[in-house]
Amino acid sequence: MNMTITKIKSVCIIDDDPIFIYGTKRIMKEVDFADEITVYNDGLAAYEGLKAIIDKGEELPSMIFLDINMPIMNGWEFLDEFIQIPNNNSEEITIYIISSSIDPRDIARIQEYEIVNNYILKPISIEDLHNILQSIGS
């Protein structure tokens, strides 16, 4: 059995909570989750930042952790804009919705987005990250 854990090249966190961001980055480093972690504090900053990467002809982070409740542009508004921009990635981009509450309406809404893989309850645990790495490694 191959025990090599896949590592993600680049991951993006879109969240307005500095404590959550700090904690998540810390455990991502602890489990050697990704080579690079990019952070945006709201959906609009993320959209503009990611669009700039695309405009330069570069690849986007292959995984995005997206908070739903943010000021300026929330997670749903970000998704609606994001799915309309063509990207240069050879591999698929996976989006995980992160939220502090599991609202059945949110879960139903996630089904409408092909790009959204799953829903993670805050705070993200080491186990969550291991599960993600295992799911992409298999």
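A few points on the structure. If you're wondering where the values come from, they're calculated on a predicted model, not measured in any experiment.

The contact between helix α2 (residues 43-55) and helix α3 (residues 75-82) brings their axes to 9 Å, and the two run at 20°. Comparing their axes, α3 and α2 come out roughly parallel. Regarding α2 and α3, the two cross each other, and that crossing is right-handed. Residues G43, A46, Y47 and L50 of α2 pack against F78, E81 and F82 of α3.

The buried count for strand β4 (residues 94-99) comes to six of six residues, which makes it a mostly enclosed element. A two-sided burial pattern is seen for β4, the buried positions comprising T94, Y96 and I98 on one face and I95, I97 and S99 on the other. Pairing between strand β3 (residues 63-67) and β4: five bridges, direction parallel. Paired with F65 across the bridge in β4 is Y96. Tracing the backbone out of β4, into helix α4 (residues 104-110) and back to the parallel element strand β5 (residues 116-121) gives a crossover that is right-handed.

Rules behind the numbers
Residues numbered from 1 in each chain as written. Predicted model: local features only at pLDDT ≥ 70, side-chain atom pairs only at ≥ 80, totals over all residues. Heavy atoms only, no water. Axes fitted to C-alpha atoms, helices over the stretch in contact; angles between N-to-C directions. Helix = DSSP H or I, 4+ residues; strand = E, 2+ residues; numbered from the N terminus. Parallel < 35°, antiparallel > 145°, perpendicular 65-115°, else oblique. Left-handed = near helix turned anticlockwise from the far one by under 90°. Contact = heavy atoms within 4.5 Å. Buried < 20%, exposed > 50% of the residue type's maximum accessible area, 1.4 Å probe, protein only. Pairing = 2+ DSSP bridges. Right-handed = clockwise from strand over helix to strand, strands pointing away.

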